[in-house]
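Residue-level listing of the chains:
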Amino acid sequence: MNVLLDYLPEFRDGFLGTLAITGSSALLALVLGILIAGFRVSPIPPLRVFGTAWVTILRNTPLTLLFLVAVFVVPQILVPGASPFVLATLALGFYTSSFVCEAVRSGINTVPLGQAEAARSIGMTFSQTLRLVVLPQATRTVLPPMSSIFIALTKNSAIAGAFSVTELFAHSKLLSDRGYDIAWIFLWIALAYLVITFSISGLFRLLERRMGVAR
Amino acid sequence: MSGASVLYDVPGPKAKVRNRVYSVIGSLAVLAVLAFVVMRLNDKGQFDPAKWNIFNYAGVRTSIRDGMLVTLQVFAVAAVLSLVLGVLLAVARLSDHKPVRWLATGFIELFRAVPLLITVYALWVILLSNREDFGLSGNQPQFWALVLGLTVYNGSVQAEVLRAGILSVPKGQSEAAYALGLSKTQVMMTVLIPQAVRAMMPTIISQLVVTLKDTSLGFVITYEELLYSARQMSTNIIVNGEDVYIPVIIVTGSLYVALCMALSALANWIERRGRQAKTGIGVAEAGEPVAATDAMEVGDAVPDAPAGEKTGKEN
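- The name given to chain B in an unreviewed UniProt entry is Amino acid ABC transporter permease, with Streptomyces halobius as the source organism.
- UniProt, in its Sequence similarities (unreviewed entry) section for chain B, records the words "Belongs to the binding-protein-dependent transport system permease family."
- One UniProt comment on chain B, placed under Subcellular location (unreviewed entry), says "Cell membrane".

- By the naming in an unreviewed UniProt entry, chain A goes by Amino acid ABC transporter permease and is assigned to Streptomyces halobius.
- Under the heading Sequence similarities (unreviewed entry), UniProt records this for chain A: "Belongs to the binding-protein-dependent transport system permease family. HisMQ subfamily."
- What UniProt records for chain A under Subcellular location (unreviewed entry) is the sentence "Cell membrane".

Structure, rendered in C-alpha cells:
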C-alpha cells in the first residue's frame, strides 16, 4: 500500500513517461499509417505492393523483435547514438502504423461508391477525391477501431520499459527489485493504465459524437 | 484490389501513361530506400560472408532449433489453456448468477487492461520468490510465468470473442433447445458453444497469432525462447571483433514472420471455407478485430459475430 505514497515521484515519472512514449509513437503511427493506406488504395502497382508488404511484415513480427531491430539495426543505418526514447518511438510507431493502415483502408471501403464516383465526375483527381471526399467520411468509421488501436499501443508501450525507456514498467521493475510487494505495485500500475486507456476511449467517444456524418 | 476501384476509373490512355510514369517513380523511390538500407548495412560490414557463415555451425543451428521448439512449446500450452479459460469465462459472463457474472467481468477487464508484459513480470517475481512453495526448479518459474500470463490475457480476449459468438446465435435456437427439454448446461454445450466456435474460428485463430507473437515477451524475463536465444547468440558470437546482431535478427525475424503468416493463412482459409458452407452460420472476418485492437469497452469493440464491414478485411 505504502509503495505508492513512498515513491510518488517515481510513479509520476513513469506515468508521464508512458504518456510521452504513447503520444509520440501514436503520432508517428498515424502519419505513417495514413500514408501507407494511401499507397494501398492507389492506382500505382509498385506502391500497392510496397504497402501490402509493409503491413504483412510488420503485423507478423513480434514487437519485442522490432525493438531489437530498433536498438541494434537502426543505429547502423541512420545516425548512431539516437536516444532509447527515439528508437522505441520508431519501433512502436512502425508496428502500430500497420494496424492504423488497415483500419483506414477498411474505413475507405465503407464510403459509398457513389461518393467517389460523384467526385470523379466533377473532375477531381485521385488525391483530391481521397483528401476532400473519401477520407473525411472514412474518419468517422475509422474512429472506433482507431481507439482500440491506441489502447493497444498504450499497453504495448510497456515493452519500451524493458529497453531502458523511462515509463511505468521500468519503474515497477525498479521498485520490485528494491523488494516491494509486487502485488501492490501491480495493482497501482494496472490502475495507472486504466486511467490512460479510459481517457483514450472517452476522448474517442467525444470525437465520434462531434464528427458524426449523416449517411 | 477490392477498395481500389472505388477511388479511380478504369484508366484511359492518358491516365495509363501517367500511371506508368508514377509507377516508375514509385518503384525507384522504394528501391532507393531499400538500396540505401542495404548499402549502409554493407558499409558496416554486415554482409560479410564470415558473419553469415555462423549459420553453418551446428551449435548455432541447434540453438535456433531449440529456441524455436521452446517457443512452440510455450505457444502450444498457452493456446490450449487460454482457449479453455476463454470458454469458462465466456460461460461465466453469461451466467444467471450475479456474483459469477461480476467475477468473470472483473477478471476479464483487469487482465485486458494491464499490459501483458507487466502481468508476466509480476507472475515471474511471484513465482520466483515462492519457488520452494510451488516446487519449481530450473527455469520453470519463467515458463509458468510466461504461460500463465499469456493464458490469463488471451483467455480474457478469447472469452469476449466467444461471448460475441454465443450472442450471435439466433435466439430461436436456444428457445427450441429449451422447448425440447434440454437443461441450461446442455443448451450451452451442445447448441450455443459449437456454433459460437464455428462462427468465431477466424477471430480465434487471429488471436492465437497474437499469442504466438507474444511468446517473445519471454525475452524480457530471460526465458530461453527463440528471441532470447537469438539475443544470446548475437552477443556471444564474435566475428572479426564484432557481434552478429544483424544476421541473427534477420534470420529469426523471418522465422517469426513465417510462423505467424502460416497461422494467419489458416485463419483466412477457414474464413473462406466457412463462407462457402451453407450452414447458415455467419463466419467472422479473419482480420484482427479484437486481437490487435482489443479494446476496453466490451460492447462495441467486440465484433458483432458475423462482422460486417467494420474491421480490416484481408485479401
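Observations concerning the overall build of chain A
So, step 1. The helix and strand tally for chain A stands at eleven helices and zero strands.
So, step 2. Ordered by position in the sequence, the α and β elements of chain A form the string α-α-α-α-α-α-α-α-α-α-α.
So, step 3. Summarising its shape, the C-alpha atoms of chain A cover approximately 70 × 45 × 25 Å along the three principal directions.
So, step 4. Across the 215 residues that make up chain A, the buried fraction comes to 53%.
So, step 5. A total accessible area of about 9000 Å² is found for chain A, and carbon and sulfur atoms account for 69% of it.
So, step 6. For chain A, the centre of its 15 positive side-chain charges and the centre of its 9 negative side-chain charges are spaced 16 Å apart.

Topic: the confidence of the model for chain B
Residue and element names in this part refer to chain B.
So, step 1. On average, residues of chain B carry a pLDDT of 82, and 86% of them reach 70 or more.
So, step 2. Considering each helix and strand of chain B separately, the mean pLDDT is smallest for helix H13 (residues 298-301), with a value of 34, and largest for helix H9 (residues 171-179), with 92.
So, step 3. Considering only residues more than four positions removed or in separate chains, one finds that residues 288-315, a stretch of pLDDT under 50, has 88 contacts.
So, step 4. For this predicted complex, the interface confidence reaches an ipTM of 0.84, while the overall pTM sits at 0.83.

A short note on the UniProt feature "transmembrane region" (unreviewed entry) in chain B
Residue and element names in this part refer to chain B.
So, step 1. Per the UniProt record, "transmembrane region" (unreviewed entry) is annotated on residues 21-39, 70-91, 103-127 and 244-270.
So, step 2. Across residues 21-39, the secondary structure splits into 100% helix and 0% strand, with the terminal C-alpha atoms separated by 26 Å.
So, step 3. The distance separating the terminal C-alpha atoms of residues 103-127 is 24 Å; by composition the span is 92% helix and 0% strand.

A short note on the environment of Leu7(B)
So, step 1. Position of Leu7(B) among the secondary structure elements: in helix H1 (residues 4-7).
So, step 2. Contacts of Leu7(B), omitting those with residues within four sequence positions, involve Val41(A), Ile108(A), Ala116(A), Arg120(A), Phe126(A), Leu130(A) and Val134(A).

Some remarks on the pattern of salt bridges
So, step 1. Summed over all chains, the structure comprises nine salt bridges over all chains.
So, step 2. Salt bridges sharing partners connect three or more residues here, namely Arg40(A), Glu102(A) and Arg105(A).

Regarding the interface of chain B and chain A
So, step 1. Contacts between the two partners involve 67 residues from chain B and, on the opposite side, 63 residues from chain A.
So, step 2. Buried area between chain B and chain A, both sides added, is near 5700 Å², and the carbon and sulfur share of it is 70%.
So, step 3. For the pair chain B and chain A, the number of links is zero salt bridges.
So, step 4. Our count for the chain B to chain A interface comes out at six residue pairs in polar contact (both at pLDDT 80 or more).
So, step 5. Put simply, the parts of the chain that give the side of chain B that touches chain A at least two residues each are H1, helix H2 (13-43), helix H5 (98-113), helix H6 (116-129), helix H10 (184-214), helix H11 (226-236) and helix H12 (245-276) of chain B.
So, step 6. Residues belonging to the side of chain B that touches chain A are distributed by class as follows: 37 nonpolar, 17 polar and 13 charged.

Examining the packing of aromatic side chains
So, step 1. Across all of its chains, the model carries 15 aromatic pairs over all chains by this definition.
So, step 2. Ring geometry for Phe72(A) and Tyr245(B): centres 3.6 Å apart, planes at 10 degrees, overall stacked. Remark: Tyr245(B) occurs in helix H12 and Phe72(A) occurs in helix H4 (residues 63-72); the pair is interchain, linking two chains.
So, step 3. Overall, the relative accessible area of 22% leaves Phe72(A) in the partly exposed class.
So, step 4. Both rings, one in Tyr95(A) and one in Phe99(A), keep their centres 5.2 Å apart while their planes meet at 70 degrees; by these two values the pair is edge-to-face. Linking Tyr95(A) with Phe99(A), this pair stays in helix H6 (residues 84-110), spanning four residues, or about one helical turn. Of the two residues examined, Tyr95(A) and Phe99(A), each falls in the buried class.
So, step 5. Taken together, the aromatic side chains of Phe39(A), Phe50(A), Trp54(A) and Phe94(A) make up a single cluster linked through ring pairs.

Notes on the UniProt feature "domain: ABC transmembrane type-1" (unreviewed entry) in chain A
So, step 1. UniProt's entry tags residues 15-204 of chain A with the feature "domain: ABC transmembrane type-1" (unreviewed entry), counted in the numbering of this structure.
So, step 2. Helix makes up 85% of residues 15-204 of chain A and strand 0%. Its end C-alpha atoms lie 21 Å apart.

With respect to the side chain of Glu102(A)
All names here are of chain A.
So, step 1. When you line up the elements, Glu102 lands in helix H6.
So, step 2. Residue classification places Glu102 among the buried residues on the basis of a relative accessible area of 4%.
So, step 3. Here Arg105 takes part through its side chain, which lies 3.2 Å from a polar atom of the side chain of Glu102.

So, the state of the cysteines
As used here, a disulfide is simply a covalent bond connecting the sulfur atoms of two cysteines.
So, step 1. According to the stated counting rule, one finds zero disulfides over all chains in the structure shown.
So, step 2. Of all cysteine sulfurs, the one in Cys260(B) lies closest to Cys101(A), which takes part in no disulfide; the gap is 18 Å.

Quick word on the UniProt feature "transmembrane region" (unreviewed entry) in chain A
Residues and elements named next belong to chain A.
So, step 1. Under the UniProt annotation, "transmembrane region" (unreviewed entry) lies at residues 15-39, 60-79, 85-104, 149-170 and 182-207.
So, step 2. Secondary structure across residues 60-79 comprises 70% helix and 0% strand; the distance between its end C-alpha atoms is 27 Å.
So, step 3. Helix makes up 100% of residues 85-104 and strand 0%, whereas the separation of the span's terminal C-alpha atoms amounts to 27 Å.

Concerning the packing of helix H4 (residues 58-93) of chain B against H11(B)
Residue and element names in this part refer to chain B.
So, step 1. Between H4 and H11, the least distance of the axes is 7 Å, while the angle of their chain directions is 155 degrees. Taken together, H4 and H11 sit at an angle that is classed as roughly antiparallel. For the pair H4 and H11, the contacting residues are Val60, Ser63, Ile64, Gly67, Met68 and Thr71 in the first and Leu226, Ser229 and Met233 in the second.
So, step 2. Grouping the amino acids of the contact of H4 with H11 by side-chain chemistry returns five nonpolar, four polar and no charged.

The rules we used
Residues numbered from 1 in each chain as written. Chains lettered and ligands numbered in written order. Predicted model: local features only at pLDDT ≥ 70, side-chain atom pairs only at ≥ 80, totals over all residues. Heavy atoms only, no water. UniProt positions renumbered as here; feature names shortened; annotations may be inferred. Helix = DSSP H or I, 4+ residues; strand = E, 2+ residues; numbered from the N terminus. Buried < 20%, exposed > 50% of the residue type's maximum accessible area, 1.4 Å probe, protein only. Areas by Shrake-Rupley, 256 points an atom, 1.4 Å probe, with all protein chains shown as cover. Lys, Arg positive; Asp, Glu negative; His and termini not counted. Charge placed at Lys NZ, Arg CZ, Asp CG, Glu CD. pLDDT = per-residue confidence, 0-100. Contact = heavy atoms within 4.5 Å. Salt bridge = Lys/Arg side-chain N within 4 Å of Asp/Glu carboxyl O. Buried area = accessible area lost by both parts, 1.4 Å probe. Polar contact = N/O pair within 3.5 Å; in protein donor to acceptor, adjacent residues only side chain to side chain. Nonpolar A, V, L, I, M, F, W, Y, C, P; charged D, E, K, R; others polar. Phe/Tyr/Trp six-rings, centres within 6.5 Å; stacked < 30°, edge-to-face > 60°. Disulfide = S-S within 2.5 Å. Axes fitted to C-alpha atoms, helices over the stretch in contact; angles between N-to-C directions. Parallel < 35°, antiparallel > 145°, perpendicular 65-115°, else oblique.

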